[in-house]
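Structural features, examined
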Amino acid sequence: MTTGLSPEGTTTATAALGTLIRGHRLRIGLTQRELADLSTISVRAIRDLEKGKALRPRAETIRLIADGLRLGPRARTALEEAVRRGHHGGGSRHLLLERCAPPAPLHPLIGRQAEATVLAEELRSGAERLVTVVGLSGVGKTRLALETAARLHDAGFPVLWHTAPGAVTDSLPPDDDPLLAVTTACAAHLQTPEPRTHPDTTTAYGTGAGASYGAPAPADEQPPAALLAALGDRDALLVLDGAAPARLDFPRLTRLLRELPGLRVLVTADTPWNVPGERLFLLAPLDAPRPDAPAGADAPAVRFLLGRIRQVRPDIVPDERSLADVAWVAHRLDGHPLALAAAASWLTVCDLPTLRGIVETDPAALLDHLADGRSGSHLRDGVDRTLAQLPASSRELVGRLCTAAGDDFDLDEVVRLTGRSLPDCGRMVRTLLIGGVIRPGTDHGRSTFRVLRVVRALAARQEPGPPAHAASCASAGMPEARASAAPAVAAPAAA
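First, a word on what this report is: a plain description of the structure on this page. (Residues numbered from 1 in each chain as written. Predicted model: local features only at pLDDT ≥ 70, side-chain atom pairs only at ≥ 80, totals over all residues. Heavy atoms only, no water.)

What follows deals with empty space enclosed by the protein. Applying the stated rule across the entire model yields four cavities of 30 Å³ or more. Considering only enclosed or pocket space, the second largest cavity measures out at about 60 Å³ in volume. For the lining of the second largest cavity, the per-class residue count stands at five nonpolar, two polar and one charged. (1 Å grid on protein atoms, 1.4 Å probe; cavity = no way out; pocket = protein on both sides within 12 Å on 5 of 7 lines; lining within 4 Å. Points joined across faces, edges and corners; volume = space filled by probe spheres on them. Nonpolar A, V, L, I, M, F, W, Y, C, P; charged D, E, K, R; others polar.)

Turning our attention to the sheet that holds strand 5 (residues 236-241). Pairing in this open sheet of five strands is parallel, and the strands run 3-5-6-2-7 from one edge to the other. Unpaired on one side and paired on the other, strand 3 (159-163) and strand 7 (279-282) mark the two borders of the sheet. On average, adjacent strands in this sheet sit at an angle of 15° to one another, irrespective of strand direction. Lying on the sheet, helix 8 (residues 180-189) is in contact with strand 3 and strand 5; it crosses strand 3 at an angle near 60°. (Pairing = 2+ DSSP bridges. Helix = DSSP H or I, 4+ residues; strand = E, 2+ residues; numbered from the N terminus. Axes fitted to C-alpha atoms, helices over the stretch in contact; angles between N-to-C directions. Contact = heavy atoms within 4.5 Å.)

This part takes up the packing of aromatic side chains. For the structure on display, the rule yields two aromatic pairs. Between Phe 250 and Trp 273, the aromatic rings sit 6.5 Å apart at their centres with planes inclined by 90°, giving edge-to-face as the arrangement. Residue Phe 250 is located in helix 10 (residues 250-259), and its partner Trp 273 is located in the loop between strand 6 (263-269) and strand 7; the two are separated by 23 residues in the primary sequence. Its relative accessible area of 1% is what places Trp 273 among the buried residues. Centroid distance Phe 409 to Phe 449: 5.8 Å. Interplanar angle 40°. Geometry classified as tilted. You can see Phe 409 sitting in strand 8 (residues 408-409) and its partner Phe 449 sitting in strand 10 (residues 448-451), a full 40 residues away along the chain. By relative accessible area, which is 6% here, Phe 409 ends up buried. For Phe 449, a relative accessible area of 12% gives the class buried. (Phe/Tyr/Trp six-rings, centres within 6.5 Å; stacked < 30°, edge-to-face > 60°. Buried < 20%, exposed > 50% of the residue type's maximum accessible area, 1.4 Å probe, protein only.)

Structure below.
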C-alpha cells in the first residue's frame, strides 16, 4: 500500500529534520539528484538526511540545502530548530529505536523460507506497506511474522510488535521494549469500538467494507503523538499479531501511514481486512508427502513432526518403518503445524504405530494437545469461527465436498456439485482458500484442492448422530435448522 506524505499534514511538534527537507523538496518539485546539484551536497547525504540517518549534520550542510531549496527566513529558522532538537535528542532516539526488537521464537522455522523471503523483501523495499497474512488457526501465521520481523530488524528496522488479547503466543517477548506503551496505544488507536459487518452477509469484514476510504480522520482521532515523535520518517515495522480485522479502522490507518512515510504494517488474522491497498498473503499448511511417495524426512511437514516427536520421545529412531508412519500421519493431518504438534504429544501415552491407527480411524481425538490444553480448544474454536464466517453458499459447498467420493477436487467438480457458473465457483473456491478450509495441490499436474482433514474431523463432531443430510451441513459448519432447507446430497459410491 503506497501513501504520499503531505508536508501540511505534519504537525510542527513532530516534524523531524528529514521530514522538513523532503517536504520542501517535494513542494517545489525537485528530485534528490536535482537538489544535490543545486546545493552541491551529495545525493547520498541528502538521502541520509531525509531518512533520519544523519544524526548531527553540520551547519554548513544545512545552509547549503536551504540555499538549494530557496527557503525564506522562517523556513530556514524551522530547519535550524529541527537540527538543534536532533542534537539534543536525536542520538538517544536512534538508540531507543535500535532496542525495538521482535519477540524471540521458541521453535525453528521449518518449510517457510520462501514465504519469509517474499514477505521480508516486499516490506523492506516498500513495495507493500500493508500486508495481511491469513490462514486457518494454528497454520503458522505468527511464526512466519516473527521470521519476517526478525529479518527486517536485522536490516535496521525497529519492530513494534503487538499481540491481540487472547491470542496464543509461542515466543518470548523482549526483556525491555522501550516503546511497549506506545505500541499498545497505537494498536488501540487503530481499533473501532464495535465491529462493522459486510452489507451482503452477516460476516464482520472490517470497517473497510462500509467506511469511506478517503474520509480524513477527525481531529480527536489523530495518531498517537508519542509514536510520531519516536519514528519520524524512519523506516519501521508495526506487527498486529492475531488482530480482528472487523475491529480495525481503515481511515485511522491511512492517516498513520501518511504521517509516517517509512512505516510498514504486517497483520496476522483469520480473515482479510478487505481494504484498498491490502496485500493478502495466503498461508497454507506445510507440504506433506503423499502416501505413495517414498518415505523420507525431506518434506517440511515430516521434518516438523519429527522435531516435535524428539521432544517427547527421543528414543524413537527415524528408520524406514518409523519414517513411513511419520509421513503417513503428516499426510493425514495435511501438514497442519498445530495438529501435528498435538498428535506428537500423544506419543507420551502410545507408540507410533498406535498413533497412526488412531489418525486413520478418529483423528479428531488427537487434536487435543496432552501437554497444552489451550491448543486443542484454540484449534477447534478457530475452525468453528472460520466455518461460521463463510458465506452460506461456501458453507454448503464444504458440506457437499465432505460427502463426495475422493479427497481431491477441481473447479469442474465444484461446477458439477453446485450447478453454478465457473466464475461463481472460482470465487467460492477462493473464499475457502482464504479461510484455510481447503489447500491447493498440483500432484497430478493440474490444479486440485482438498478439504483439510482437520476441518472434516472437527466439523463432523459438532453434532453427534445427526441425520445424513444434517451431518453434511454440520461438516460445513451450518446449523441443523438450515439443513432442512438445503437439498440432501448423496455421496457417490466409492470406486
